[in-house]
Structure formats: structure tokens, C-alpha cells
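Okay, here's what each chain looks like letter by letter:
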Amino acid sequence: MTEGLHAKQALSAFPPSFPDHEGSAVRRTIYDQDHEAFRDSCAAFLAKHVTPNLETYLEEKALPRDFWLSAGAEGFLGLEIPEAFGGAEAGDFRFNAIWAEELSKLNAALASCMAIHADIAVPYIVDLATDEQKQRWLPGCATGEILTAIGMTEPGGGSDLAALKTTAVRDGDEWVINGSKTFITNGYSADLVLTAVRTSPDKGAKGITLFGLEATDEGFSRGRKLDKVGQSEADTSELFFENVRVGDDRIIGEVDRGFIYMMERLPQERLTCAVSNVAHAKQILAETIQYAHDRVAFKQPIGSLQHNKFLLAELVTKIEVAEAYVDQVVLAHTDGEATAIDAAKAKWWSSEIQNDVLDHCVQLHGGYGFMNEYRVARAWRDARVSKIWAGSNEIMKELIGRDLGF
Ligand SMILES: Cc1cc2nc3c(=O)[nH]c(=O)nc-3n(C[C@H](O)[C@H](O)[C@H](O)COP(=O)(O)OP(=O)(O)OC[C@H]3O[C@@H](n4cnc5c(N)ncnc54)[C@H](O)[C@@H]3O)c2cc1C
């Protein structure tokens, strides 16, 4: 810690809780006692196994396998995995949401890496894989011995998924895969990458198939860990496929139906992002409110200066309103009723609010807000990507606009 910095407001500040407005009838109602007990387990696991190691993760620009194995041993990786394959089979997305919230409160990169594995990639296997494939992959996914990633984006483009260029060409009983992916979360350490590949050259979105490619497959290689502005703890990398030969036993679901499978599952990815966006900003806002009580300027706490008081009032309101909407989409998704449009709204709105709130939190910290020792500075950097990934906010608005008939 740099001499002279306000140590108690820096990395060790976690966790003050969000101020509760006494007497308010507006409460989060989507979680019951079981969910809250699970939240306590998540927080206890993170305090014991993760918080002490966060600086190491940042230095190594990766989450070590020990992190995954310890999370697997406590059952946190298998919420979506059937018990028969070693999972918890929770069958209630609110548990996923709580886990995402607790991770995000501590560190945004943890939440995104975990979500890619447990909430995004694994469900494709659970829903679409053959029994043999499930037996091959799911037990390891539950323990953390098999780490997954999802490869959709290519150097030539991510938004226009239907235009992807990585190809699989039939050769006898095998498929020969050539191409590359980029920006792949967990890509550097994943054992299994669910990879979107063109199998029918002239069929656009209707010519894409999902393959389960393993890191040990000949011709599969990774580029360097990409040097990101934020979320450096997350390993993000390019992947290259040079004459990777696999059989039909690596196809996830049916040939040429990959685009549909992705469209069906992207709403859960976007909703998980939304949950994380709100929880991440809410936690840092709580820490900033504490800072605004403690930090004195002109003989008074900076939060008492009218501009800052009004600003904090606005930020608290924005977060609570965003959370209320996201909670409703979580509930609808738990009941199997949330639409892709609901998830798109939750994703773009929550990421705008997250970035808006965190930018103001940096400002309220003054110069300390620009210091890497401070959680607020790191959170601000970490948040920027949430407007870009999982379908950029422009693509979310495109979907919502189309739904309006335009
Ligand atoms: C840290 C990080 C992690 C990621 N992890 C993964 C991962 O695990 N797996 C994976 O597959 N991908 C991943 N991505 C990729 C991410 O999903 C893409 O970056 C995103 O979809 C945008 O694609 P692009 O970068 O190719 O931008 P482009 O598609 O080239 O878009 C450039 C700009 O044009 C805008 N634009 C594009 N089309 C339209 C349109 N129709 N209307 C209006 N504006 C438009 C976009 O919104 C954007 O602002 C990750 C990205 C990052 C940065």
C-alpha cells in the first residue's frame, strides 16, 4: 500500500453493505431463506479461499486451477449440472444469480470467468449433448478439472455472428476445422471450448454448428493472454484451429443448428451479465458512500456538500431501480418466461447504469479514485467491457427496436 493513501478505504475496504432505508416498503422479494443461506455460503467461501489471493490472480492475469477446484469441491460449479453427473442440479436460476452477485461484489473478473463456465458454456452440454458427451465432460466441469469456454467471436467480427468464417469440412468420417477465435474468456486455460463453426458455406446463420473442441486436440493452439484495460484477472485469449480433426462425437446438438442454440441461450448470458453489473456497481457505491462520510473537505464530510449529496441520492436511486427491473427478469427467467427482449433490456440498461455509477464513484474519491490501489479505480476499469460484450449495447437496442416492429 502506498504510504499516505487512506489504507482503510483502499482494497481492504470491502465490504460495507448498501444503506438500507429504514421504513421503506420496497424490498427485494425474489430471494427466500434458502437463497439467503446460499448467499452466506458463497460469501464465506470467497472470504476464505479467494479474497486472500486476489492480488496474486491480478499479477498472474489468470485464475489458477486451484480456484476452480476449490469452487468445484464446494459445489459452486455444478448448479446447472444434473446430480447424475456430479452437479447440484439446483433447477432455480436464482442460485446462479446469488453466486454471480457475491462474486461481482468482490471482483468483476471472477464473476465473468465463472459465468462463462458455469452459467453459459455448461448449459449447452446439459441441454444438447449426448449421454456419452455428458459422461465425458460434465463430471469434470462440476469438479473444476474441466474448465470451459465459449468461442463465438472471430477477429473479423463478433456482432455479426452469422458471418463467422471458421470452417469445418467433412473428410471421410471426420470434420477438419480451420480458423480462429478471439477475445475468448477462459480461453487460455480452458480444457474444452464450445466453438461455433461454419459447416454449410452458403447457408448463413443456418450453416453453423457447435463443436466441443478439446485443448489437447492436435492443431488446437492458443495465442497470448490478451492485454486488457480491465478485468486482468480473467484470462482472455485468441484461439487457433489448424486442421483440427474431430468426429461426429464432438458435435453439440445437430449439424447446422448452432446459431439457433446460441440465440436460445444468449438471454441467460445477458441476464447473468445484468445481475453482475448491478451487484458490482452497488457494492462500490456502498463503499463510496462510506468514503463520502469519512473524507472531509471544507470542514465537512464530502457527502454533505450539496452537489455530492444530490449526486449520491441519484446514484442510489438509479441502482435500486435497475436492480428492481433485473430482479423481475431473474424471476421470469426462473419461471422459464423471460424473453430475449427482457434480457436485452436488462443487459444494456444495467451496464449503462453500472458505468455511470462507477464513473461518479471515481470522481467522489478524488485523486484516490485514479489509484490502482483503490477498489473503485479497478472497478471502473473492469466495468467498461460490460457495454461491449455478450452482444454490444447497440445490438441489444437493435433487438429491442426490431421487437417494436422497426
Ligand atoms: C474482455 C472480453 C471478453 C470476451 N469474451 C468472449 C467470449 O468468451 N466468447 C466470445 O465468443 N466472445 C467474447 N467476447 C467478444 C464480444 O462478445 C465482442 O467483442 C462483441 O460481441 C462485439 O464484437 P466485435 O468486438 O467484433 O465488434 P464489432 O462487431 O466489430 O462492432 C464494432 C462496433 O460496431 C457496433 N455495431 C456492430 N453491428 C451493429 C449494428 N447492427 N448496429 C449498430 N451498431 C453495430 C458494435 O456495437 C460496436 O460498437 C469478449 C470480448 C471482450 C472484450
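Above this text is the structure in question.
Being a predicted model, the structure only gives us computed values, none of them experimental.

### A closer look at the pairing of strand β4 (residues 192-198)
Right, on to step 1. Counting buried positions over the seven residues of β4 gives seven, a clear majority of the element.
Right, on to step 2. Across the two faces of β4 the burial is the same, with Leu192, Leu194, Ala196 and Arg198 and Val193, Thr195 and Val197 all buried.
Right, on to step 3. Here strand β1 (residues 148-151) runs beside β4; their pairing, made up of four bridges, is parallel. Bridging from a neighbouring strand, glycine 151 pairs with threonine 195 of β4.
Right, on to step 4. Across seven bridges, β4 lies against strand β5 (residues 208-214) in antiparallel orientation. Counted as the bridge partner of alanine 196 is leucine 210 from β5.

### Considering the state of the cysteines
Right, on to step 1. In total, this model carries zero disulfides according to the counting rule given.
Right, on to step 2. Between cysteine 113, a free cysteine, and cysteine 273, which holds the nearest cysteine sulfur, the sulfur-to-sulfur gap is 12 Å.

### What about the packing of helix α5 (residues 108-128) against helix α7 (residues 258-294)?
Right, on to step 1. One can describe the packing of α5 onto α7 by two numbers: an axis separation of 10 Å at closest approach and a directional angle of 155°. One element, α5, and the other, α7, form an angle in the roughly antiparallel class. With respect to the hand of their crossing, α5 and α7 are arranged in right-handed fashion. In this structure, α5 uses Ala108, Ala111, Ala115, Asp119, Ile120, Pro123, Tyr124, Asp127 and Leu128 to contact α7, whose residues at the interface are Tyr261, Met262, Arg265, Gln268, Glu269, Thr272, Ser276 and His280.
Right, on to step 2. Of the residues contributing to the contact of α5 with α7, the split by class is nine nonpolar, four polar and four charged.

### Things to note about helix α6 (residues 131-143)
Right, on to step 1. Over its 13 residues, α6 extends 18 Å from the first C-alpha to the last, a length consistent with the 18 Å expected when each residue adds 1.5 Å.
Right, on to step 2. At tryptophan 137, α6 shows its largest kink, close to 35°, and the proline proline 139 lies no more than four residues downstream.
Right, on to step 3. Along α6, the positions that sit buried rather than exposed are Gln133, Lys134, Trp137, Leu138, Gly140, Cys141 and Ala142.

### So, the pattern of salt bridges
Right, on to step 1. Per the stated rule, a full pass over the model turns up 25 salt bridges.
Right, on to step 2. Among the salt bridges present, the one from glutamate 323 reaches lysine 282, with a minimum N-O distance of 2.9 Å. In this pair, glutamate 323 is assigned in helix α8 (residues 306-334) and lysine 282 in helix α7, connecting sequence segments 41 residues apart.
Right, on to step 3. One network of salt bridges, in which partners are shared, links Arg28, Glu36, Arg39, Glu101, Glu102, Lys105, Lys282, Glu323 and Asp327.

### As for the side chain of glutamine 231
Right, on to step 1. On the secondary structure map, glutamine 231 appears in the loop between β6 (220-225) and β7 (236-247).
Right, on to step 2. Once residues within four sequence positions are removed from consideration, glutamine 231 is found in contact with Ala108, Ala109, Ser112, Asp382, Val385 and Trp389.

### So, the layout of surface pockets
Right, on to step 1. The computed volume of the second largest pocket comes to approximately 950 Å³.
Right, on to step 2. Lining the second largest pocket are 31 residues, with Phe18, Asp20, Arg28, Lys282 and Glu323 sitting closest to its centre.
Right, on to step 3. If one sorts the elements of the lining of the second largest pocket by residue count, α8 sits on top with seven residues.
Right, on to step 4. Taken domain by domain, the makeup of the lining of the second largest pocket includes at least three residues from each of domain 1 (33-147) and domain 3 (260-403).

Reading the values: the criteria
Residues numbered from 1 in each chain as written. Predicted model: local features only at pLDDT ≥ 70, side-chain atom pairs only at ≥ 80, totals over all residues. Heavy atoms only, no water. Buried < 20%, exposed > 50% of the residue type's maximum accessible area, 1.4 Å probe, protein only. Helix = DSSP H or I, 4+ residues; strand = E, 2+ residues; numbered from the N terminus. Pairing = 2+ DSSP bridges. Disulfide = S-S within 2.5 Å. Axes fitted to C-alpha atoms, helices over the stretch in contact; angles between N-to-C directions. Parallel < 35°, antiparallel > 145°, perpendicular 65-115°, else oblique. Left-handed = near helix turned anticlockwise from the far one by under 90°. Contact = heavy atoms within 4.5 Å. Nonpolar A, V, L, I, M, F, W, Y, C, P; charged D, E, K, R; others polar. Expected span 1.5 Å × (residues − 1). Bend = angle between axes of the 7 residues up to and from the residue. Salt bridge = Lys/Arg side-chain N within 4 Å of Asp/Glu carboxyl O. 1 Å grid on protein atoms, 1.4 Å probe; cavity = no way out; pocket = protein on both sides within 12 Å on 5 of 7 lines; lining within 4 Å. Points joined across faces, edges and corners; volume = space filled by probe spheres on them. Domains from an automatic or database assignment.

The values are spatial; any link to function lies outside them.
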